[in-house]
Amino acid sequence: MRSIFVGNPNVGKSALINKLTGSKLLVANYPGTSHKIAYVNKGEQCFYDTPGIYALHGQGGNAAVVRDLLLDSAGLRVVNVVDAANLERNLVLTLEILALGLPTVVVLNQMDLAASLNIQIDMEALSQELECPVIGISVADGSGFKRLLDWLDKPVETGRSSVDPRQIEKLSRTSGSPKCQHCTEACQHNVITIDRATIERARTLAAQVIKTEPAARHQTWLEKVQDGLDQPVIGTAALLALAYGLFTMMVTLVNLLEGPISEALQPLSDILTVLIQGLLPPGAFNEVLSLAIPEGLVIPFTIIMPAMIIVGVFISILEDTGLLPRYSVALERVTSFIGVSGQAIIPLTLGFGCRTPAIMATSLLPNAAERFIIATLLSIVVPCAASLGVMAAVIAKFNAYIYVVAATMLVVLLLLGFGLSRLMPRDESFVYELPPLRIPAWRTTWQKVVSRTGGFFTEVLPLLLLMNIVLRALMETGVLESFQAMEGFTQFFFGIPAEAMVAVLITIFQRYLAPLVLLNLALSPREATIAITMIALSLPCLPVMTMIVKEMGAKQLLSILALGIISSIIVGVSLNVILP
Amino acid sequence: MKTIKNLKTGDKARITSIDTEVAGSQQLVEMGLTPGSEIQLLAKYPLRGPLLVKLGNNRIAVDYKLAQALVVNEMNDSPARDVLDS
Ligand SMILES: Nc1nc2c(ncn2[C@@H]2O[C@H](COP(=O)(O)OP(=O)(O)OP(=O)(O)O)[C@@H](O)[C@H]2O)c(=O)[nH]1
Ligand SMILES: [Mg+2]
């Protein structure tokens, strides 16, 4: 039995499936969280999670994806998830779905929110008008699930088992990208549109079944905060202050934690050293491993793990409260300067956690050109949590100029985005729905932090250990010293010693490991600043490259890599000229 | 012809039509900004920034160019405003 969950963006489709099955679909408080069809099996049942859409006969790739899924309708049921607090707009999609004639249940979710807004819905009347079951639930407080489970357990009898042939024709005609006979690309000439009558019917229906209007009602404190944040000047200032506060807090915490953590791990690392020294036959091999393994195991815990957890917590909170999409409105002028619409703030911010899911999140951008610009900026400029941890440690060790590093990265972000967007001129438009501010469900938020930090054990730790062994071996064998010959060259162009240049070159393999080489050198603050900035603005790590190839293709990756190398070199030379 | 750009922050209005000549206007209709619906202008961001519109319990941000597509009729049913106006 297959059930497909369809609904407007951000109504809680993914959260509902998670609650029903215990799955771990990504849930976040902004429209466009899910961008692909996902399915979850539970017993005999198969639940399909879909990207949120405003209309079945709407433009855009997501609507087409959902239409395609509905076309293959044998044995299919529809669970139409509706935001109870926004009935009128949601009902347009509901009516479109019901016209298909598939067995359908209308689930009014977020009943808790509707109640707090003083909205009461006559569900019986709605059910009679729509001629289908209507069930009110709340994923947040768990109410209404019994009836929903009963419906899902019942074998399908009502309704036709497949889509009405006329509707199939309509669906397939409108499937795929919207374009007219004259154009080869998506155009505005022959657009798929919602029926005017459907819109009217949704309006009358909503007026008919909503019993109490949110009349004179006390605003909750959350709504007051929301009103404040949605003010252009005060709101933007508050959001920017928050971002700055979180950033400084992250840097301070990472530096504060480093000492105690490494002290706590010292005994363990000592034991390891002794063990390896005793177990392996003496020689160069022994020396390298007894030094590299304990070090390679401790460094990730002292500087990378804390950064990953702290950034993970911050990003999850920004996501789940609904603050994150507010940045997309406040900073729309900035994103427009780099040629992308406001939503781009979301993948860019996610990139501070890990850039692999951030590249996936670029799918909430409206076109391929914007996705390419943001993927480039993510790859070259945005530092992920692991890089941030290492950078913070290196900056602290050498007293490097943190503001120079941050400002340079910002300038490169703006210039690179500006340049790329002029190369790909197009009409961009920005329409985005702001979700209500919510108090996060702390348990789910914490689960997200845990899954965000999972990469630490599967990726960061093993890779770092391996790289550290290789590095130590290179140092012991004196290979690094052979780079001394380049000293004149690197000092002249970039103002950094040859060994630091080696660190820059290592970024080609794994970006966040490169600064570790710096930790073993004696650098002046100026040299450290230049080296760390060159490393920060260079190439993406391997998982990100793989993701770019998968989502956008190898050609795009090659352009991004070329841009990364060029920008790193330009930044090094410019800083060498500018810095006193 | 009055568009939401001509409204003041806090003004309520009814959408009378959507200018389909403006690129991207179809998206507005899909998001519920249809002729006949009531909206309130919540905020206008400076430097030709986006406009924030309240529709039912939704808040929708629309960029400056696209806002041109939302043709409205101002509603003067709020008594507070009448006092201010006179
Ligand atoms: N108060 C309240 N919040 C809810 C409820 N259900 C979901 N949410 C919140 O609504 C937000 C959106 O949930 P998602 O499951 O990501 O929504 P979605 O429909 O999958 O959204 P898209 O994938 O973007 O289309 C999350 O912050 C949820 O925590 C509910 O019943 N009550
Ligand atoms: Mg979802």
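Quick notes on the rules
- Residues numbered from 1 in each chain as written.
- Chains lettered and ligands numbered in written order.
- Predicted model: local features only at pLDDT ≥ 70, side-chain atom pairs only at ≥ 80, totals over all residues.
- Heavy atoms only, no water.
- pLDDT = per-residue confidence, 0-100.
- Contact = heavy atoms within 4.5 Å.
- Phe/Tyr/Trp six-rings, centres within 6.5 Å; stacked < 30°, edge-to-face > 60°.
- Helix = DSSP H or I, 4+ residues; strand = E, 2+ residues; numbered from the N terminus.
- Buried < 20%, exposed > 50% of the residue type's maximum accessible area, 1.4 Å probe, protein only.
- Pairing = 2+ DSSP bridges.
- Axes fitted to C-alpha atoms, helices over the stretch in contact; angles between N-to-C directions.
- Polar contact = N/O pair within 3.5 Å; in protein donor to acceptor, adjacent residues only side chain to side chain.
- Buried area = accessible area lost by both parts, 1.4 Å probe.
- Salt bridge = Lys/Arg side-chain N within 4 Å of Asp/Glu carboxyl O.
- Near = heavy atom within 4 Å.
- Areas by Shrake-Rupley, 256 points an atom, 1.4 Å probe, with all protein chains shown as cover.
- Nonpolar A, V, L, I, M, F, W, Y, C, P; charged D, E, K, R; others polar.
- Core = buried A, V, L, I, M, F, W, Y, C linked by side-chain atoms within 4.5 Å.

**Quick look at the confidence of the model for chain A**
Part 1 of the argument: Per-residue pLDDT for chain A has a mean of 87; in total, 91% of the residues score no lower than 70.
Part 2 of the argument: Contacts for the low-pLDDT stretch residues 175-181 of chain A, under 50 throughout, to residues beyond four places or in other chains number 18 contacts.

**Comments concerning the packing of aromatic side chains**
Residues and elements named next belong to chain A.
Part 1 of the argument: Counting across every chain of the model gives eleven aromatic pairs over all chains.
Part 2 of the argument: Measuring from centroid to centroid gives 5.1 Å for Phe301 and Phe456, while their planes differ by 70°, and the two rings are edge-to-face. Separated by 155 residues along the polypeptide, Phe301 in helix α11 (residues 284-321) and Phe456 in helix α20 (residues 455-477) bring together distant segments of the chain.
Part 3 of the argument: Overall, the relative accessible area of 25% leaves Phe301 in the partly exposed class.
Part 4 of the argument: Ring centres of Phe492 and Phe493 lie 5.1 Å apart, and the angle between their planes is 85°; on these two criteria the pair is classed as edge-to-face.
Part 5 of the argument: Residue Phe492 is classed as exposed on the basis of its relative accessible area, which comes to 64%.
Part 6 of the argument: By relative accessible area, Phe493 is classed as partly exposed at 36%.

**Quick word on the sheet that holds strand β1 (residues 2-7) of chain A**
All names here are of chain A.
Part 1 of the argument: The strand order β2-β3-β1-β4-β5-β7 describes an open sheet built from six strands, whose pairing is mixed. On the outer flanks of this sheet lie β2 (38-42) and β7 (134-136), each paired with one strand and no other. Across the sheet, the mean angle separating the axes of adjacent strands is 25° when strand polarity is ignored.
Part 2 of the argument: For strand β5 (residues 104-109) and β7, the ladder comprises three bridges, and the chain directions are parallel. Paired with Val107 across the strands is Ile135, a residue of β7.
Part 3 of the argument: Docked against the sheet, helix α1 (residues 13-21) engages β1, β2, β3 (45-49), β4 (76-83) and β5, running at close to 155° with respect to β3.
Part 4 of the argument: Contacts from helix α3 (residues 87-98) reach β1, β4 and β5 within the one sheet, and its direction differs from that of β4 by about 170°.

**Re the side chain of Thr376 of chain A**
Residues and elements named next belong to chain A.
Part 1 of the argument: Relative to the helices and strands, Thr376 is located in helix α16 (residues 368-380).
Part 2 of the argument: Judged by relative accessible area, which is 0%, Thr376 ranks as buried.
Part 3 of the argument: Within polar-contact distance, the side chain of Thr376 engages the backbone oxygen of Phe372 at 2.7 Å.
Part 4 of the argument: Discounting chain neighbours no more than four positions away, the residues touching Thr376 are Val381, Leu416, Leu420, Ile560 and Leu563.

**Focus: the interface of chain A and chain B**
Part 1 of the argument: Facing the 37 residues of chain A at the interface are 33 residues of chain B.
Part 2 of the argument: With both sides pooled, the region where chain A packs onto chain B buries about 2900 Å², and carbon together with sulfur makes up 52% of that total.
Part 3 of the argument: Our count for the contact surface shared by chain A and chain B stands at two salt bridges.
Part 4 of the argument: Between Arg59 of chain B and Asp227 of chain A there is a salt bridge whose closest N-O contact spans 2.7 Å.
Part 5 of the argument: If you list the elements that add at least two residues to the side of chain A that touches chain B, you get α8 (196-209), α9 (221-229), α10 (232-279), α12 (324-330), α13 (332-337) and β9 (431-434) of chain A.
Part 6 of the argument: Among the elements that take part in the side of chain A that touches chain B, β9 of chain A stands out by supplying four residues, more than any other.

**A closer look at unusual backbone geometry**
All names here are of chain A.
Part 1 of the argument: Even without being a glycine, Asn10 presents a positive backbone phi close to 65°.
Part 2 of the argument: Positive phi, close to 55°, is recorded for Asn399, a residue that is not glycine.
Part 3 of the argument: Topologically, Asn399 is positioned in the loop between α17 (385-398) and α18 (402-423).
Part 4 of the argument: Judged by relative accessible area, which is 59%, Asn399 ranks as exposed.

**Quick notes on the site of ligand 1**
Residue and element names in this part refer to chain A.
Part 1 of the argument: Near ligand 1 you find 23 residues, and of these Lys13, Ser14, Ala15, Ser34 and Asp112 are the closest.
Part 2 of the argument: Gly12 is positioned with one of its backbone polar atoms (N or O) 2.9 Å from an oxygen atom of ligand 1.
Part 3 of the argument: One nitrogen or oxygen atom from the side chain of Ser34 is found 2.8 Å from an oxygen atom belonging to ligand 1.
Part 4 of the argument: Contact with the protein chains hides 91% of the accessible area of ligand 1, taken as 660 Å² for the molecule alone.
Part 5 of the argument: Class assignment of the residues belonging to the shell around ligand 1 gives a composition of nine nonpolar, eleven polar and three charged.

**Side note on the pairing of strand β1 (residues 12-18) of chain B**
Residue and element names in this part refer to chain B.
Part 1 of the argument: As defined by bridge partners, β1 adjoins strand β2 (residues 38-44) across three bridges and the pair is classed as antiparallel. Residue pairing across strands places Ala13 opposite Ile39, the latter belonging to β2.
Part 2 of the argument: Summarising the sheet, β1 and strand β5 (residues 70-74) pair through five bridges and their orientation is antiparallel. By the bridge assignment, Ala13 is partnered in β5 with Glu74.

**A few points about the nonpolar core**
Soluble globular proteins tend to bury their nonpolar side chains together.
Residues and elements named next belong to chain A.
Part 1 of the argument: With 117 residues, the main nonpolar core has Ile304, Leu377, Val381, Ile496 and Leu518 as its most contacted residues.
Part 2 of the argument: No other element matches α11, which puts eleven residues into this core.
Part 3 of the argument: Apart from the residues lying within four places of it in its own chain, the contact partners of Leu518 are Val394, Phe398, Ala500, Ala503, Leu523, Ala531, Ile532 and Ile535.
Part 4 of the argument: Core analysis: the next-biggest nonpolar cluster, separate from the first, contains 48 residues, Leu91, Ile194, Ala202 and Ala206 among them.

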